[in-house]
Structure formats: C-alpha cells, structure tokens
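What follows is each chain in one-letter form.
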Amino acid sequence: MSTQTSTLSDYRRRLTTNRLGLWLFIISDAFLFGGLLVSRFYLLGTAIRPEASQIVGLVVTSILLLSSFFMNRAETAIAHGDRKTFQFSLLVTLLLGVLFLAGVVGVEWRIAPFGPSDGAAASLFYTMTGFHAFHVLSGVLFLAIVWRNGRKGLYSPEKHWAVEAAAVYWHFVDVVWVFFYPALYLIGTP
Amino acid sequence: MDANIENMKKEAYRAGFSVLVLLAMLTVGEYLLGSIAVGWWAPLVGISLLKAFFIVRDYMHLPRLFAGEEEQE
C-alpha cells in the first residue's frame, strides 16, 4: 500500500513538471504563429484578405471546434474511468482532424483561384494554412498513438498524462485557428 | 461514492458541451459580422480573444498548471 502511495505521489510530482514543460513548448510554438499573424497584418493591413472560399472556411472551422469538444470529452472520460467513451471520442477527434486536413489541403488549396507565388496575400495564405496543417497532422499522429495505447489499456483515471498532453496540444492547434480564421477569411476584402 | 463519481462525470461532460455551444455561437456571430460589416476588424479580434479564452480555460485547463501537488486531479 505504501509503495503504491509513493508511486502515485512520484507520478503527481512528475505531472507538475510535465505540465510546465508542455506549456513552455506551447508558448514557444505560439510565437511562430504569432509571427505569421503579424506578417499578415503588416503586409496586407485590415483592408485586404486572400480570395479564399468563405463556405470552406466556415466548415473547416466548425470541424475543428467540434473536434476540440470530442477531445475534451475523451479526456474527461478517461479521468472518470469511462474507457468506452474515451476510445470513441478520441477516434471521432482523430477523424475530424483528418477531415479538417482534407478540407484545407484537399479542397481549399485545390479550389483557390491563386497559387503560392501570386503575391503577398497568396503566399501568406499558403504559409499560414500550411504551417497550421502540419501541426494538425502531427496532432493526428499523436492522437493515433494515444488511441492505440488506450486500446491496450495503458491509461487509468489516476495515470493518463499522455492523454492530457495530446488534449492540450490539440486544443492549442484549435486556438491558433481561432485567430487564423478571421485573419484569412473575414477581415478585409479580396 | 459511485453515484458521486457518476454525477461529477456528467457535470464535466455538461460543462464541455456548454463551451462548445458558446464557441459555436461566437463562430456564427463572427461569420455574420465578417460578411455584413467588412471594415469592422476590431470586434472580430475581440471575438477571437473571447473564444481563445474559453478554450484555454475550459478545454486546456490552464488553472491546472498552477495547482499544487495535493490538488492534482
């Protein structure tokens, strides 16, 4: 019993450090996206925006918001020992992430009436969505690993740091899009 | 005890859903604002900041970072 208590106590101590490390990484990554956002307003101002599809923009934004909800549901489920909901919600999050990638890279990039070299607005559009898409892709891979480990029963209500880390990373990617969406689709005219 | 855990779980699920509804409403609002009032960039930035605040607080659980070891979930 005392060994078990000691192990849990060690785990909680490590958890505090792990959380700090993850947030430091998130903050450092946020500077990259912050720089891109500043570039967008510096080069285009608030009067011009890329000529991107409004409908696709709204749809992919909704998909990402919905994926954040399911990620939160998955984390809540494992924290309360509800494995079935955890596995299901994580899978839905993963699929919505893939759908978001398909929407941006497969649809938006294909139907956009400009290429990456057609001026500042076009270059910014592809750079910003491209960087973000790579983060979504790495998040999807992270989620796939967590889902596989979850099937093996590696997480419990007491110990599920990997799930928490995947969730924080996924929500961060969502927060980035919260700022990219109006910057690329709503502010200014094409 | 089990009933208590079950209630806590339901409450946590409900809180997550409430945030989703809020974010959906804000997204529809910013879409309409962006379509109607083209020059109004400041309210759009405000809506983005509000959405980010709810995600960081309720989905990313930022307050956990400042919790002591005894308060860990």
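Small disclaimer: the values here were computed from a predicted structure and weren't measured. (Residues numbered from 1 in each chain as written. Chains lettered and ligands numbered in written order. Predicted model: local features only at pLDDT ≥ 70, side-chain atom pairs only at ≥ 80, totals over all residues. Heavy atoms only, no water.)

(A) Region of interest: the overall build of chain A. Secondary structure summary: chain A contains five helices and zero strands in total. Moving toward the C terminus, one meets the helices and strands of chain A in the order α-α-α-α-α. In terms of principal-axis extent, the alpha carbons of chain A reach across some 65 × 30 × 20 Å. Counting every position in chain A, which comprises 190 residues, the buried fraction comes to 52%. (Helix = DSSP H or I, 4+ residues; strand = E, 2+ residues; numbered from the N terminus. Buried < 20%, exposed > 50% of the residue type's maximum accessible area, 1.4 Å probe, protein only.)

(B) Structural view of the overall build of chain B. Secondary structure summary: chain B contains two helices and zero strands in total. Taken over the C-alpha trace, chain B has a radius of gyration of 17 Å; the compact-globule value for 73 residues is 11 Å, which it surpasses by more than 25%. Overall size of chain B, expressed as C-alpha extent along the three principal axes, is 55 × 25 × 10 Å. On chain B, roughly 4,400 Å² of surface is accessible, and the fraction owed to carbon and sulfur atoms is 69%. Distance from the positive charge centre (6 side chains) to the negative charge centre (9 side chains) of chain B: 9 Å. (Rg over C-alpha atoms; globule rule 2.2 N^0.38 Å. Areas by Shrake-Rupley, 256 points an atom, 1.4 Å probe, with all protein chains shown as cover. Lys, Arg positive; Asp, Glu negative; His and termini not counted. Charge placed at Lys NZ, Arg CZ, Asp CG, Glu CD.)

(C) Representation of the interface of chain B and chain A in the model. Every contact between the two is made by 32 residues of chain B and, on the other side, 39 residues of chain A. Three residues stand out in chain B for area buried against chain A, namely Tyr13(B), Tyr31(B) and Met60(B), and they jointly supply 20% of the buried area on that side. On the surface where chain B and chain A come into contact, there are three salt bridges. The residue Arg64(B) makes a salt bridge to Glu75(A) at a minimum N-O spacing of 2.8 Å. Listed by contribution, the elements that provide at least two residues to the side of chain B that touches chain A are α1 (2–36) and α2 (41–59) of chain B. It is α1(B) that provides the largest number of residues to the side of chain B that touches chain A, a total of 13 residues. (Contact = heavy atoms within 4.5 Å. Buried area = accessible area lost by both parts, 1.4 Å probe. Salt bridge = Lys/Arg side-chain N within 4 Å of Asp/Glu carboxyl O.)

(D) Examining the packing of aromatic side chains more closely. Applying the stated criterion across every chain yields a total of 15 aromatic pairs over all chains. For the ring pair Phe69(A) and Phe17(B), a centre distance of 5.9 Å and an interplane angle of 70° mean the geometry is edge-to-face. Here Phe69(A) is found in helix α2 (residues 54–79), whereas its partner Phe17(B) is found in helix α1 on a different chain. On the basis of an interplanar angle of 85° and a centroid distance of 5.7 Å, the ring pair of Phe125(A) and Tyr126(A) is categorised as edge-to-face. Tyr126(A) sits in the buried class, given a relative accessible area of 12%. Taken together, Phe100(A), Trp109(A), Phe114(A), Phe125(A), Tyr126(A), Trp177(A), Tyr181(A) and Tyr185(A) form an aromatic cluster joined through their ring pairs. Positioned above the aromatic ring of Phe41(A) is the side chain of Arg40(A), whose terminal nitrogen or guanidinium carbon lies 4.5 Å from the ring centre. (Phe/Tyr/Trp six-rings, centres within 6.5 Å; stacked < 30°, edge-to-face > 60°. Lys NZ or Arg CZ within 6 Å of the ring centre and 35° of its normal.)

(E) Just the layout of surface pockets, in detail. The calculated volume of the second largest pocket comes to roughly 250 Å³. Looking at the second largest pocket, it is lined by 15 residues, and the ones nearest its centre are Ala30(A), Phe172(A), Val175(A), Val176(A) and Phe179(A). Elements with a minimum of two residues in the lining of the second largest pocket: α1 (2–44) and α5 (161–186) of chain A together with α2 of chain B. Ranked by residue count, the leading element in the lining of the second largest pocket is α1(A), at seven residues. Among the residues making up the lining of the second largest pocket, the classes are represented as 14 nonpolar, one polar and no charged. (1 Å grid on protein atoms, 1.4 Å probe; cavity = no way out; pocket = protein on both sides within 12 Å on 5 of 7 lines; lining within 4 Å. Points joined across faces, edges and corners; volume = space filled by probe spheres on them. Nonpolar A, V, L, I, M, F, W, Y, C, P; charged D, E, K, R; others polar.)

(F) Highlighting unusual backbone geometry. A positive phi is found at His61(B), a non-glycine position, where the angle reads about 50°. When you line up the elements, His61(B) lands in the segment after α2.

(G) Representation of the packing of α2(A) against α2(B) within the structure. Between α2(A) and α2(B), whose axes approach to 11 Å, the crossing angle comes to 15°. Taken together, the axis directions place α2(A) and α2(B) in an arrangement best described as roughly parallel. The handedness of the crossing between α2(A) and α2(B) is left-handed. The residues of α2(B) that touch α2(A), namely those facing Leu65(A), Ser68(A), Phe69(A), Asn72(A) and Glu75(A), are Lys51(B), Ile55(B), Asp58(B) and Tyr59(B). (Axes fitted to C-alpha atoms, helices over the stretch in contact; angles between N-to-C directions. Parallel < 35°, antiparallel > 145°, perpendicular 65-115°, else oblique. Left-handed = near helix turned anticlockwise from the far one by under 90°.)

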